[in-house]
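Chain and residue survey
The residues making up each chain are set out below.
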Amino acid sequence: MSQTFKHSLIIFFAGCCYGFVVPLVRVAYSLGLTPQQTSTTQYVYSLLTLAIIVLIGFRRKIPLKAIPKLLLIGVAAAGVSMSYYMALELLSAATALTLLFQFVWMGVLWQAIRERKLPRTITLVSVFVILIGTLFATEIIGGNNTIGSTSD
C-alpha cells in the first residue's frame, strides 16, 4: 500500500469521525453539558488514548525544537474543536460541519500566499470539490433556500 493511499485513508476516517461526533455532542447537550465541558471531556479521552498509543507503539523521539510547533498545532486544533462544539449548540449539524471544513480552502490560500506559489492541480480540484459540497450542504444549490432568505 502506497504512503499516499495510506495517508488518504487516515484523513478519510478522521473526517468520518466528525460526522460521528455530532450525535454524541447533541446527547451531551441534552444532558445539560456545555460546549466547554464537552470539549474538556474530549481532550481528556484524547490524551489518554494518545498516551496509550505512545506507550504501546511509538518509539521515535521528538526533537525539543519541534515541541513549540506541536503545542501551537494543538492550541489551534483545540480552538477549532471549541468553535465547532459551540456552533453545534446554535446551528444545524450540516451548517456547523460546513463551516468546519472551510479551513481547507483557507489553509490552501494561506500556504499559497506564504510560499508565493500556486497550489498543485490536485489540490485545486480538491478545494473545488469542497466548495461545491459546501454549496450543496448549505442548500444554496439543490435546496429550497436562496441567498438572503430567512426562515421563521
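In this text, all values refer to a predicted model and were calculated from it rather than measured experimentally.

Once that is clear, we can look at the packing of helix H3 (residues 67–90) against helix H4 (residues 93–100). Running from N to C, H3 and H4 point in directions that differ by 155°, and their axes come no closer than 9 Å. Here H3 lies roughly antiparallel to H4, going by the angle between them. In terms of crossing hand, the pair formed by H3 and H4 is right-handed. Residue-level inspection shows Val-80, Tyr-84, Ala-87 and Leu-88 of H3 in contact with H4, the latter providing Ala-93, Ala-96, Leu-97 and Leu-100. Here the contact of H3 with H4 is built from residues that sort into 8 nonpolar, no polar and no charged.

A few words on the confidence of the model for the protein. For the protein, the average pLDDT comes to 81, and 90% of its residues sit at 70 or higher. The lowest-confidence element of the protein is H4, averaging 78 in pLDDT; the highest-confidence one is helix H5 (residues 103–115), averaging 89. Low pLDDT (under 50) marks residues 146–152, which in the prediction has 1 contact with non-local residues, meaning those over four places away or in another chain.

Our next topic: the nonpolar core. Across soluble globular proteins, nonpolar side chains show a tendency to be buried alongside one another. By size, the foremost hydrophobic cluster in this structure holds 10 residues: Val-21, Val-22, Val-25, Tyr-29, Tyr-84, Tyr-85, Ala-87, Leu-88, Ala-96 and Leu-100. Counting residues per element, the ones that place at least two in this core are helix H1 (3–30), H3 and H4.

What follows deals with the layout of surface pockets. Its volume calculated, the second largest pocket comes out at about 390 Å³. Around the second largest pocket sit 15 residues that line it, and Gly-107, Val-108, Gln-111, Pro-119 and Thr-123 are the ones nearest its centre. Elements with a contribution of two residues or more to the lining of the second largest pocket: H5 and helix H6 (121–137). With 7 residues, the single largest contributor to the lining of the second largest pocket is H5. Of the residues assigned to the lining of the second largest pocket, the class counts are 8 nonpolar, 4 polar and 3 charged.

On to the packing of H5 against H6, then. Relative to each other, H5 and H6 sit at 150°, their axes nearing to 9 Å. On the basis of the axis angle, H5 is roughly antiparallel to H6. Judged by the twist between their axes, the crossing of H5 over H6 is left-handed. Between H5, through Val-104, Trp-105 and Val-108, and H6, the contact on the second element is made entirely by Thr-123, Val-127, Ile-130 and Leu-131. Classifying every residue of the contact of H5 with H6 gives 6 nonpolar, 1 polar and no charged.

An ideal rise of 1.5 Å per residue puts 18 Å on 13 residues; H5 measures up with 18 Å between its terminal C-alpha atoms. Looking one or two residues beyond H5, the residue adopting positive phi is Arg-116, at roughly 55°.

For the structure shown, the criterion picks out 2 aromatic pairs. Summarising the aromatic geometry, the rings of Tyr-84 and Tyr-85 are spaced 6.1 Å apart at their centres and angled 40° between planes, so their arrangement reads as tilted. The class of Tyr-84 is buried, set by a relative accessible area of 2%.

Analysis parameters
Residues numbered from 1 in each chain as written. Predicted model: local features only at pLDDT ≥ 70, side-chain atom pairs only at ≥ 80, totals over all residues. Heavy atoms only, no water. Axes fitted to C-alpha atoms, helices over the stretch in contact; angles between N-to-C directions. Helix = DSSP H or I, 4+ residues; strand = E, 2+ residues; numbered from the N terminus. Parallel < 35°, antiparallel > 145°, perpendicular 65-115°, else oblique. Left-handed = near helix turned anticlockwise from the far one by under 90°. Contact = heavy atoms within 4.5 Å. Nonpolar A, V, L, I, M, F, W, Y, C, P; charged D, E, K, R; others polar. pLDDT = per-residue confidence, 0-100. Core = buried A, V, L, I, M, F, W, Y, C linked by side-chain atoms within 4.5 Å. Buried < 20%, exposed > 50% of the residue type's maximum accessible area, 1.4 Å probe, protein only. 1 Å grid on protein atoms, 1.4 Å probe; cavity = no way out; pocket = protein on both sides within 12 Å on 5 of 7 lines; lining within 4 Å. Points joined across faces, edges and corners; volume = space filled by probe spheres on them. Expected span 1.5 Å × (residues − 1). Phe/Tyr/Trp six-rings, centres within 6.5 Å; stacked < 30°, edge-to-face > 60°.

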